[in-house]
Amino acid sequence: VQTRGRRINTSPTLIFRMGLFDKVTGVLSGGASADIMLSVKVPTVRRGDVVEFEYSIKPKSSFKCRGVRVEVFSKERVRGTASVGKNRTSFNESTDLARFTKDILPATEFTEGVVQKGSSTILIPASAQPTYQGKMAKNTWKLVFVIDIAMGLDLKKSVDLHVL
């Protein structure tokens, strides 16, 4: 098949490969699917404060998980240029500065359509780096809600935080 001078491959092999990819990604997620709602009561917190959050999980299918946890982490991104002689090169680095985890639920079986709601807290340590944005570097914080799927892709939902 040709469209505007470009040839489009519609061979059965290509269609089979696309179907195989869909099957593989379905297997990797273990068939687990859910709508996750995550809200933070106050998204701006001071170092040493507690982040309060609420969650809601509405499974789209029935599945088992190894547990549910929340993570709060800080990521620093640095970009710039470096010169060696007449040569200039650009760099873009990303580093996890801190990661804190708290278990919310133990291994659980979710039933399709049965909503689970709850709330919890997690501490931002007093020694944590604050959120900042400069010309060449920035530090961001996220709260990530994770449903740990055994031998599959985890289900996640995240919210940005601002740490003072």
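The structure displayed is predicted, hence computed values, not measured ones.

To continue, consider the packing of aromatic side chains. The final tally for this structure, using the stated rule, is two aromatic pairs. A centroid spacing of 5.1 Å and a plane angle of 35° characterise the contact between F63 and F110, whose relative ring orientation is tilted. With a gap of 47 residues between them, F63 in strand β6 (residues 63–65) and F110 in strand β9 (residues 108–110) connect regions that are remote in the sequence. F63 gets classed as buried once you look at its relative accessible area, which sits at 5%. Above the plane of the ring of F73 lies R99, whose end atom (NZ or CZ) is 4.5 Å from the centre.

This next bit is on the pattern of salt bridges. Counted by the stated rule, this structure contains eleven salt bridges. Notably, a salt bridge pairs E71 with R69, separated by 2.9 Å at the nearest N-O pair. Grouping residues by exposure puts E71 and R69 together as buried. Note that K142 and D160 form a salt bridge whose closest N and O atoms lie 2.6 Å from each other. Separated by 18 residues along the polypeptide, K142 in strand β12 (residues 137–148) and D160 in strand β13 (residues 155–163) bring together distant segments of the chain.

Ranked by size, the top nonpolar core spans 29 residues in total, and within it F53, I124, L143 and I147 carry the most contacts. When near neighbours in sequence (up to four residues on either side) are disregarded, L143 contacts L38, V40, F53, V70, E71, V72, I122, K157, S158, V159 and L161.

Let us look at the side chain of E71. The residue E71 is located in strand β7 (residues 67–84) in this model. A polar contact is formed between the side chain of E71 and the side chain of R69, at a distance of 2.9 Å. Filtering out sequence-adjacent residues up to four positions away, E71 remains in contact with R99, F100, T101, K142, L143, V144 and V146.

Secondary-structure assignment places Q133 in strand β11 (residues 132–133). Under the relative-accessibility criterion, Q133 is labelled exposed at 64%. Distance in space between the C-alpha atoms of Q133 and E76 is 9.6 Å, their sequence separation being 57 residues.

Conventions we followed
Residue numbers restart at each chain and count upward from 1, following the sequence in its written direction. At least 70 in pLDDT is required for a residue's local features to be given in this predicted model, at least 80 for side-chain atom pairs to be given and counted, and no such filter applies to totals for whole chains, interfaces and linings, which use all residues. Side-chain descriptors were evaluated using all non-hydrogen atoms of the structure, hydrogens and water having been removed beforehand. Between the rings of Phe, Tyr and Trp (Trp by its six-membered ring), a pair exists once the centres lie within 6.5 Å; its type follows the angle of the planes, with under 30 degrees stacked, over 60 edge-to-face, and the other angles tilted. Secondary structure elements follow DSSP: runs of H or I no shorter than four residues count as helices, runs of E no shorter than two count as strands, and numbering proceeds from the N terminus. Accessible area is worked out with a 1.4 Å probe on protein chains only. A residue is then buried under 20% of its type maximum, exposed over 50%, and partly exposed in between. A ring is considered to have a charge above it if a Lys NZ or an Arg CZ atom is located within 6 Å of its centre and within 35 degrees of its normal. The salt bridge definition used is simple: a Lys or Arg side-chain nitrogen within 4 Å of an Asp or Glu carboxyl oxygen. Definition used in this section: a nonpolar core is a set of buried Ala, Val, Leu, Ile, Met, Phe, Trp, Tyr and Cys residues joined via side-chain atoms within 4.5 Å. Contact criterion: two residues are considered in contact whenever any of their non-hydrogen atoms come within 4.5 Å of each other. Between N or O atoms, a polar contact is any pair within 3.5 Å; within protein, one atom must be a potential hydrogen donor and the other a potential acceptor, and residues adjacent in sequence are included only when both atoms are from side chains.

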